[in-house]
Each structure stands twice: as structure tokens, then as C-alpha cells.
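Residue strings, one per chain:
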Amino acid sequence: MGAKNNILSGVSDTSSDEFYTPIPKGYEPGNTKYVITFGTVMSGLGKGIFSSSLAKVLKDKGFRVSPIKLEGYLNIDSGTLNPFRHGEVFVLDDGMECDMDLGTYERLLDINLTKDNFSTNGQLFSKILENERDGKFLGRDVQFIPHVTGEIKLMLRELAMKSKADVVFVEIGGTVGDIENSHYIEAMRELAYEEGEGNVCFAALTYIIEPDFLGEQKSKAAQLGIRNLQSRGIQPHIIACRAKNNISQGIKEKISINANIPTNRVFDMHDVDSIYLIPSKIIEEKIDFRVLKILGLEDKADSKKGLVEKKKWDELTRKALEKPKKEVVIGITGKYTKIRDAYASILKALEHSGLALGVRVKTKWIETTKIESGELSVNEAFRGVDGVIIPGGFGKRGIEGKILCAKHARENKIPFLGICLGFQMAVIDYARCVCGLKGANSTEFEDSPSHKVIDYLPEQLKIEGFGGNMRLGGRDVDVKKNSYASKVYDDKTCIRERFRHRYEVNPEYIKKIEDKGLIFSGKAPNQPIMQILELVDHPYFVGVQYHPEFLSRPLRPAPLFYELVRASRK
Ligand code: GLN
């Protein structure tokens, strides 16, 4: 049992006691502070962006920060979620398949996260049920309070210790009032009580409506949302108001009197043109200053460092707002073409590259099922397109159309980046059209094609079940000396990128394909898994078995995207 403050000295780590709170060994309350963000009124307010931007501002001032997202769904991870419904599956270095919000955290904070930074109800309940089967609660009925809430607090405190964070940023998924996050909210109430005054800051994000038929701002929904939070025993310390326009002083006053907090803790967070503006908005509104004060950390802020980082960020924001005249159109093929969230990291990586190169990157979605059915010609699909990406994907739909797109880009010297599935499409086209391997295909789409150029990874065959059975997470890639890839990666001979796949280039075909001119310039160390392909005699034709988009950061665009945009600009 760790050291305790007054309140924690009364708790018990015996699960049969009522004041059960398991505490990690050596845990000292107050060493790590917590900022906990809730959303009220409705979902989609950008809790993740708010929480990560606030964390960024504190990180810039020299604080060690660690975020965590607590998800309400029962899936163990996001791996089995349809990107069409839930946005892209973001993959962390340790192989965790998580919510796309973790991508926002990694990009804004410029740090690598792990499975400790993400939890779902599925993970939480599995752990509790495992403990129950192991006899950990013997003789005791396992309850939401204290056992589930105890487990949640334990998770946060373990993150605090492991990350050695000064401040842990907790984002509660969903909206206050949802059934699936009510135990998280209760756990946060308990946490604040146990950690003591000044160690936890509750931030409520809310929405001020402004219906067209009234033409004025209305705060009732926001008030009710905050009341709902208060009815759960949580008094927010700060309230950030999303709104279409700047919120009026009158609205601030209404929220203030209703929520028991002074107006200087009610903040305007109205819609802005770019998410890059949120950190600056936080500083402008002095939210960081208030939060540091609430947590008693104001004296520890390194304002000099804060200013240096702010300058770099402001420069990026300036570029983001500039809207350059020069435009590059990147075609993206895919079946989730109706929803931008399904390709969030790719779009971000393109944006980062555009900012660095001073061009505006526009996207044109290419529906490959239409190419496949003959409804749309490839020529037509590529009209106005300067470069093309075939992104990752699963399943058969639109595959033949994608292979035709790879072929078209190859033959017409259109800059091309194939990602994961896109890499495999390029290999199939090359096998069929250049190597003369008629009927070449992937066993993902056809049981026994005449040439299985893409086949199941032997190591994946051993893994059973539907979730978490891919080759996942960060892996090393050996880069061929003097190749184009090595040039792109600053002459490095080994890089690390993130993977998520079950299929690979069949090793039996590597030589046949290379003999006809395609270069596999990146391979897995000690295994014949091909990871980068390139063509000479082409302005830019690169395929990668990994997902370079996951490592792109606003101030450090992923090199392969940067080069794609650069080649497409010409
Ligand atoms: N479906 C392919 C595979 O499993 C590609 C996966 C992907 O694009 N992420 O290998």
C-alpha cells in the first residue's frame, strides 16, 4: 500500500471492504495532478481536441503530460470497429488498435502513446471478470461501486506512476447522461475526493446553441448539461463553451450563476477556422493559467519555454490560415469515401505536408467500385488529379478498380503512394501486367488464384479469433542503401513504422517481380516480409506495407507524404 494523504489513509485495498480503493505501490497523492474533461449537451464537441490542446500548452510550458481516453463501448479495442461508423482505427507503437482521438493526442503532443493511454469498458470489465474468476473478490458481490470505480482509479494512478506525468489528462468518452460512462464519472468524483483539494481540475465542455429562427444565443441546454454533471456530485472548475460565434458576456453570466463558478472560469471556445488555432485560443482565454492556478502549479510553469514553443506553433497556424494559391489535388481511392473520419490520419498527413510546402492539398475521392463496374473510366476518375493514394483497406470490394488505378498511375507517371492494401494492389498490377503472371491476386480476395502473389502471413495463421489477430504496431524496416526510399528517409538504413495487416508479398514471387524491375527497398529485418516498393523511371511511385500516416506530425510531416505532395506539385 502506498503513502496516503488523510483521505487515502482511510481506504482499504481489501475488496470486501466498502472503502475499497486499490492504490499502486509507492503512489503519493499530489505528485501527479489530473485534468478531467467531460462533454455535456451533445457529442462531437471536440473533447479530444480541447483536452489535447490544453495538454499541449502545458507541455510547452515544461510540464510532463500524459493523456488517457476512457471509451464507453464494450469492444476490447477499436480493431473490429467499422471506420465508416467510428472513424479510422489508429494504431499505436505497441500494437494497440484504438480510437482516432489518440491520433489527435499523438499529433498535438508530439509523443508516442501506449495501451496505457486508452481504455474501453470492454477492457475494464474483462479485467474485473478475470479477477472475479481468479477468486480475488471471494465472498463478495462484485459491484460498480467500489469495484469498478476502484479499477478505474487504479488505472489512472498506474498511468500517473508509469508516465511520471506532472499532469494526467483524462477524457471521458461520450456525453454526461449516457449510461455507458456513468461509472467513469462516478470514479472521477471519488478520485477528486481521495486526491484532495487542488489535485484535480474538472473541465466541462458544453455547447451554446444559436438557432437561426431566433438569431440569438441560448444557454439553457448548457445549463441543464452542467446540472446533470453536478447531480453526479461533480462541480466543474472550468467551463468551456463551444458555440458558432463568440459567446456574449450575458451568456457567461448566466452559466456562471447557474454553475456556481465565477465568470472568469467560463471560457469562450467558439468555432475557429483551423484546429491549429485551439492551443492559441486556450492561451488567449487564459485557460492554461486558470487550470495551473487551480492545481497549484502556476509557479512551476516555464514561461520562457512556453514562448519559444508558442512562436513555432503560431508560425504553423499562420500558414494554416494563409490558404496558399497553389493547389495540389490528391485522388484517394477507397470504399469509405463517404466519411472523412475513416481517413483522418491520411488527411492530416497531407495537410502537414501541404503546410510545409506552402500548397493547399485538396482531395478527390475515387469510388473504385464504379471503375470496376465500368460505370467510370480510370481516365475520368483521374481527371484533375495530380497524385494518387490507395489507402489501407480490407475485403474485396472495389479491388479490381484499385488495381486499375495503380496501373494507370504507373503507366502515366502520375505520383502514387500505395499504403498497406495499396502496396499490395501495386504488386498485383505489376505481377499481372509487367511480369506476365496472369490471374495474379491476393488470397484475401480469391481462395486459389493462379498466382498467389499476396498471401497470408504464416505468423498470422497461428492466431485465432477475429480481434487483435493482425501483424500490429511499430516494427523495424531495413531500408536498402542508395534506394529512393533511403533518400526520402535521410539515408537511414533502419526506420520504424506502424503496421496493421494479415497479408504480405508471397516470398516465392519476390525474385520474379524484382527481376522485372520493381524494387523492394524496405524489408523486415530477419524475415522475408517486403515493406517498401519503388520504381525507377517514375516521378514518384512508392508502396509501403505500413501506415506512414500514423507518424505524421504538424511540424514534422511524414516523409513519404511530403514527397508525394512535392512530386504532385510539379
Ligand atoms: N487487407 C490487407 C491485409 O490484411 C491490407 C490491410 C491494410 O490495408 N491495413 O494485409
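Quick notes on the rules
- Numbers given for residues are sequential positions, taken from 1 along each chain in its written order.
- Restriction of local features to residues with pLDDT of at least 70 applies here, the model being predicted, together with a cutoff of 80 or more for giving and counting side-chain atom pairs; totals for whole chains, interfaces and linings are based on all residues.
- Side-chain measures here rest on the full set of heavy atoms in the structure, leaving out hydrogens and waters.
- Each helix corresponds to a stretch of at least 4 residues labelled H or I by DSSP, and each strand to a stretch of at least 2 residues labelled E; elements are numbered beginning at the N terminus.
- For this measure, only C-alpha atoms enter the radius of gyration; the expected value for a globule follows 2.2 Å times N^0.38, where N is the number of residues.
- Buried, partly exposed and exposed residues are distinguished by accessible area as a fraction of the type maximum, computed with a 1.4 Å probe on protein chains only: under 20%, between the cut-offs, and over 50%, respectively.
- We call two residues in contact whenever any of their non-hydrogen atoms come within 4.5 Å of each other.
- Areas reported here follow the Shrake-Rupley algorithm with a probe of radius 1.4 Å; residue values treat only the protein chains shown as occluding.
- Two strands qualify as a pair provided DSSP detects at least 2 bridges between them.
- Interaxial angles span 0 to 180 degrees and are taken between N-to-C directions of axes, which are lines fitted to C-alpha atoms, for helices over the stretch in contact.
- The criterion for a residue being near a molecule or strand is simple. One of its heavy atoms has to lie within 4 Å of it.
- Residues adjacent in sequence count toward polar contacts only when both atoms are side-chain atoms; beyond that, a polar contact is any pair of N or O atoms within 3.5 Å, and within protein one must be able to donate a hydrogen and the other to accept it.
- Multiplying 1.5 Å by the residue count of a helix minus one yields the expected span of that helix.
- Roughly parallel means an angle under 35 degrees; roughly antiparallel, over 145; roughly perpendicular, 65 to 115; everything else is oblique.
- What makes a crossing left-handed is the near helix being turned counterclockwise from the far one by less than a right angle; a clockwise turn instead makes it right-handed.
- Put simply, buried Ala, Val, Leu, Ile, Met, Phe, Trp, Tyr and Cys residues joined by side-chain atoms within 4.5 Å make one nonpolar core.
- Working definition: a ring pair exists when centres of Phe, Tyr or Trp rings (six-membered ring for Trp) sit within 6.5 Å. Plane angles under 30 degrees give stacked, over 60 give edge-to-face, the rest tilted.
- A positively charged side chain is recorded as over a ring if its NZ (Lys) or CZ (Arg) lies within 6 Å of the ring centre. The angle to the ring normal must also be within 35 degrees.
- Basically, the charged four are Asp, Glu, Lys and Arg, the nonpolar ten are Ala, Val, Leu, Ile, Met, Phe, Trp, Tyr, Cys and Pro, and anything else, Gly included, counts as polar.
- Any Lys or Arg side-chain nitrogen found within 4 Å of a carboxyl oxygen on Asp or Glu counts as a salt bridge.

Novice: Please give an account of the overall build of the protein that cites residues and values.
Specialist: Across its full length, the protein carries 20 helices and 21 strands. On C-alpha atoms alone, the protein measures out to a radius of gyration of 26 Å, which is about the 25 Å that the 2.2 N^0.38 rule sets for 570 residues. Along the first, second and third principal axes, the C-alpha set of the protein runs to 75 × 60 × 45 Å. Within the span of the protein, comprising 570 residues, buried residues form 57% of the whole. In the protein, 72% of the contacts between residues at least 6 apart in sequence involve partners at least 24 apart. For the protein, the exposed area adds up to about 24,300 Å²; of that, 49% sits on carbon and sulfur atoms.

Novice: So what's going on with the environment of alanine 221? Residues and values would help.
Specialist: By the element assignment, alanine 221 lies in helix H7 (residues 220–230). The partly exposed category is assigned to alanine 221, whose relative accessible area is 27%. In this structure the C-alpha to C-alpha distance between alanine 221 and leucine 8, which are 213 residues apart in sequence, comes to 37 Å.

Novice: Kindly report on the sheet that holds strand E5 (residues 118–120), identifying the contributing residues and their values.
Specialist: Strand order in the open sheet made by the seven strands is E5-E2-E6-E1-E7-E8-E9, with parallel pairing throughout. The sheet terminates laterally at E5 and strand E9 (266–270), the two strands that pair on one side only. Direction aside, the axes of adjacent strands within the sheet are offset by 20° on average. For strand E2 (residues 65–71) and strand E6 (residues 167–172), the ladder comprises six bridges, and the chain directions are parallel. Across the sheet, valine 65 pairs through a bridge with valine 167, a residue of E6. The sheet strands contacting helix H5 (residues 144–163) are strand E1 (33–39), E2, E5 and E6, and the helix crosses E2 at an angle near 155°.

Novice: Which residues make up the pairing of E6, and what are the values?
Specialist: When you tally the buried positions in E6, you get six out of six residues, the bulk of the element. Of the two faces of E6, both are covered, the one formed by Val167, Phe169 and Glu171 as well as the one formed by Val168, Val170 and Ile172. One ladder, built from five bridges, connects E1 with E6; its direction is parallel. By the bridge assignment, threonine 37 is partnered in E6 with glutamate 171.

Novice: Explain the site of the ligand to me, using residue names and the numbers behind them.
Specialist: Surveying the vicinity of the ligand reveals the residues Gly392, Gly393, Phe394, Cys420, Leu421, Gln424, Glu444, Arg500, His501, Arg502, Tyr503 and His547. Here an oxygen atom of the ligand sits 3.1 Å away from a polar atom, N or O, in the side chain of glutamine 424. Relative to its free-state accessible area of 300 Å², the ligand is covered by the protein chains to the extent of 99%. Contributing elements (two or more residues each) for the shell around the ligand: helix H16 (421–433) and strand E17 (494–501).

Novice: Break down H5 for me, citing the residues and quoting the values.
Specialist: Relative to the 28 Å expected for 20 residues at 1.5 Å per residue, H5 spans 27 Å between its end C-alpha atoms, a close match to the ideal helical length. Burial of H5 is extensive: 15 of the 20 residues sit out of reach of the surface. In the segment just after H5, lysine 164 is the residue with positive phi, at about 50°.

Novice: Describe the packing of helix H1 (residues 47–60) against helix H9 (residues 277–284), with residues and values.
Specialist: Orientation of H1 relative to H9, taken along the N-to-C sense of each, is 65°, at an axis distance of 9 Å. Here H9 runs roughly perpendicular to H1, going by the angle between their axes. Two packed elements cross with a definite hand, and for H1 against H9 that hand is right-handed. For the pair formed by H1 and H9, the contact residues are Ile49, Phe50, Ser53, Leu54, Lys56 and Val57 on the first element and Ile278, Pro279, Ile282 and Ile283 on the second.

Novice: Tell me what's going on with the environment of histidine 183, and back it up with residues and numbers.
Specialist: Its location among the elements puts histidine 183 in helix H6 (residues 182–195). Histidine 183 sits in the buried class, given a relative accessible area of 7%. Between the alpha carbons of histidine 183 and threonine 149 there is a distance of 6.4 Å; along the sequence they are 34 residues apart. Side-chain polar atoms of histidine 183 contact the side chain of asparagine 121, separated by 2.6 Å.

Novice: Which residues make up the sheet that holds strand E18 (residues 503–505), and what are the values?
Specialist: If you walk across this open sheet you meet the three strands as E14-E15-E18, and the pairing is mixed. For this open sheet the edge positions go to strand E14 (440–442) and E18, each flanked by a neighbour on one side alone. Adjacent strand axes in the sheet meet at a mean angle of 30° when their direction is disregarded. Pairing geometry for E14 and strand E15 (residues 451–456), over three bridges, is parallel. The residue bridging alanine 440 from the neighbouring strand is histidine 451, located in E15.

Novice: How would you summarise the nonpolar core if you had to cite specific residues and measurements?
Specialist: Membership of the largest hydrophobic core comes to 46 residues, with the highest contact counts inside it found for Tyr34, Ile36, Phe38, Leu70, Val170, Ile172 and Met188. Not counting the four nearest positions on each side in its chain, phenylalanine 38 is found in contact with Lys47, Ile172, Val176, Ile185, Met188, Phe202, Ala203, Ala204, Leu205, Leu229 and Ile234. Core analysis: the second largest hydrophobic core is formed by 42 residues, Leu81, Leu109, Ile287 and Leu297 among them.

Novice: Kindly report on the environment of serine 353, identifying the contributing residues and their values.
Specialist: Position of serine 353 relative to the elements: it lies in helix H12 (residues 344–357). Classification of serine 353 as buried rests on a relative accessible area of 0%. Each C-alpha atom of the pair serine 353 and tyrosine 562 lies 4.7 Å from the other, and the pair is 209 residues apart in sequence. Excluding its chain neighbours within four sequence positions, the residues that come into contact with serine 353 are Pro557, Ala558, Phe561, Tyr562 and Val565.

Novice: Run through the packing of aromatic side chains, naming residues and quoting values.
Specialist: Using the criterion set out here, one finds ten aromatic pairs in the structure. Above the plane of the ring of phenylalanine 499 lies arginine 471, whose end atom (NZ or CZ) is 4.7 Å from the centre.

Novice: Mind laying out the packing of helix H4 (residues 121–133) against H5, listing which residues take part and the relevant values?
Specialist: Closest axis-to-axis distance for the H4/H5 pair is 10 Å, and the angle between their directions is 120°. The hand of the H4/H5 crossing is right-handed. When H4 is examined against H5, the residues Leu124, Phe125, Lys127, Ile128 and Asn131 are found in contact with a partner set consisting of Phe144, His147, Val148, Glu151, Ile152 and Leu154. Here the residues of the contact of H4 with H5 sort into seven nonpolar, two polar and two charged.

Novice: Could you give an account of the pattern of salt bridges, naming the residues involved and the relevant values?
Specialist: For the coordinates displayed, the defined rule picks out 39 salt bridges. The partner of glutamate 186 in a salt bridge is arginine 189, and the shortest N-O contact between them spans 2.8 Å. Taken together, the residues span about one helical turn, with glutamate 186 and arginine 189 both in helix H6 at a distance of three residues. Owing to a relative accessible area of 17%, glutamate 186 belongs among the buried residues under this scheme. The partner of arginine 410 in a salt bridge is glutamate 411, and the shortest N-O contact between them spans 3.9 Å.

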